[in-house]
Amino acid sequence: MGINGKTVSLGVVGCPVEHSLSPLLHNTMARLTGLDYTYCAYRVEKGEMENALRGMKALNIRGLNVTIPHKTEAFRLADEVDGAAKRMGACNTLVNENGKIKGYNTDGEGFIRSLKREGVDVKGKTCVILGAGGAAMGVAMALAEAGAKEIEIKNRTADKADALCERINKYYPKKAKRVEDVYDADILINATSVGMNSDLSPIDDMRVFKKMKKSAVAADIVYCPRRTMFLKMAGSVGLKCVGGIGMLIYQAVAAFERFTGKKVDETIVDALYAMTAMKKNIVLTGFMGTGKSAVGREIASRVGMRFIDTDDVIEREHGKITDIFKEKGEKYFRDLESETIKRAAKEQGAVISLGGGAVLRKENIDILRQNGFIVRLKADIDRVYKNIGDNTDSRPLLSGKTKEEAAKLLEEREPFYQNCDAALDVTDAEKEESAGAILDLYYEHCLKGALE
């Protein structure tokens, strides 16, 4: 469905907001429900939220999601707020009802719905929350509303934990208390940002997890990486684990339902989970100097995937590629490359950057395609040489060649580069732009697979 004069506008405001998954989730829901809505990301600087709401009214934007640093300001500026937003003092969803802005908070609802999907019922359970910030408050209030027996707050700063307990008890008397250990937890929740794009955990001592109840559940609100160190550690002792991607999806679903007045079917939620599962590898191929490694690292850091550069692996294990070519020849190198690719193909949810000549053996691409989405990066020879600079000696097949000879080599390899799932021209693109475009292609590929 194309954008037209009747298309309803939605969006997300925040700073930063460029890497938000909200446009992907909401535009996918609009597409799958057949509704004529479009959703964009708007960077709104701190202190500009009031102007943003004026624009929302003036432009008749139906709904906005709100992320840092504007949630409390959105709560203050909304004409009316629901109970969840009032208890938290923050809004993450704004709906324009004929010029009247109604504020909601769907974060906690999203968390509870994500637990239910995994068969976890919080009613009557002791829930221990790590952290005492805004995310912890949203989770705690939702747990209390859903009938948790007790909410225990563990935080490095006791005063902040006490303040959060006081706020929870204001609405749900005698429900919350501060604790120093987590052993009583039926559900242990990481509501801090520890683990985001890192291998850190808010609990770094395995003995803690080993002392917990075998029936306990570990849940994380961090969704990047999909399986955080916190969840890996909990899972290693047999605890049931719930990742943060579910909370992200369901808070978006709850917001979309408020924007549209329509219930989102669970089959659509299933598609969102499949699309964002990051189980398939992203494989980057292309000629030397097209930026595969730089773009691959950008993608991996953005979504918490592991990055593998097959040339780097070969050099770590066998020495410099230039020396391998010189001493043992290209065939020997290609055999090493194929073996390295076979190992990399066994990964799940990795970004794999291939050497420029890996496509010369069809079996390399065939094995990578079994669990990978293969994207060819295209660039003209001038951009290739701009990326490589004076470093042609480190590229055995370019060493001593003129630009014209390199262009001929690229032309000879062109038929081999056709064996991919998608192609992206990166001649005039920066790595950030290329990474975003590839992720869009990847998510579309995963969604198509989920719907087939």
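This text follows the structure it describes.
The structure displayed is predicted, hence computed values, not measured ones. (Residues numbered from 1 in each chain as written. Predicted model: local features only at pLDDT ≥ 70, side-chain atom pairs only at ≥ 80, totals over all residues. Heavy atoms only, no water.)

Draft legend 1. Examining the nonpolar core more closely. Formed by 76 residues in total, the largest nonpolar core has its most connected members in Ile 282, Ile 299, Ile 438 and Tyr 443. The element contributing the most residues to this core is helix H10 (residues 245-260), with nine residues. Filtering out sequence-adjacent residues up to four positions away, Tyr 443 remains in contact with Leu 21, Leu 24, Arg 226, Met 275, Thr 276, Met 278 and Val 303. One finds Val 122, Leu 143, Ile 168 and Ile 189 within the second-largest nonpolar core, a separate group that totals 35 residues. (Core = buried A, V, L, I, M, F, W, Y, C linked by side-chain atoms within 4.5 Å. Buried < 20%, exposed > 50% of the residue type's maximum accessible area, 1.4 Å probe, protein only. Helix = DSSP H or I, 4+ residues; strand = E, 2+ residues; numbered from the N terminus. Contact = heavy atoms within 4.5 Å.)

Draft legend 2. Layout of the sheet that holds strand S12 (residues 240-242). Ordered by their spatial adjacency, six strands build an open sheet running S9-S8-S7-S10-S11-S12, and the pairing between neighbours is parallel. Because the sheet does not close on itself, it has two edges, and the strands there are strand S9 (176-178) and S12. In this sheet, neighbouring strand axes are inclined to one another by 20° on average, regardless of whether the strands run parallel or antiparallel. Pairing of strand S7 (residues 126-130) with strand S10 (residues 187-190), which is carried by four bridges, proceeds in the parallel orientation. Paired with Val 128 across the two strands is Leu 188, which belongs to S10. Across the sheet, helix H9 (residues 229-236) touches S7, S10, strand S11 (217-220) and S12, and the angle it forms with S11 is around 170°. (Pairing = 2+ DSSP bridges. Axes fitted to C-alpha atoms, helices over the stretch in contact; angles between N-to-C directions.)

Draft legend 3. Looking closely at the packing of aromatic side chains. Summed over the entire model, instances satisfying the criterion amount to six aromatic pairs. Ring centres 6.3 Å apart and planes at 55° place the aromatic pair Phe 373 and Tyr 442 in the tilted group. Of the two residues, Phe 373 is situated in strand S16 (residues 372-378) and Tyr 442 in helix H18 (residues 431-451); the sequence distance between them amounts to 69 residues. Here a set of aromatic residues connected by ring pairs shows up, and it is made of Phe 373, Tyr 442 and Tyr 443. Above the ring of Tyr 273, the side-chain terminus of Arg 117 is found at 3.8 Å from the ring centroid. (Phe/Tyr/Trp six-rings, centres within 6.5 Å; stacked < 30°, edge-to-face > 60°. Lys NZ or Arg CZ within 6 Å of the ring centre and 35° of its normal.)

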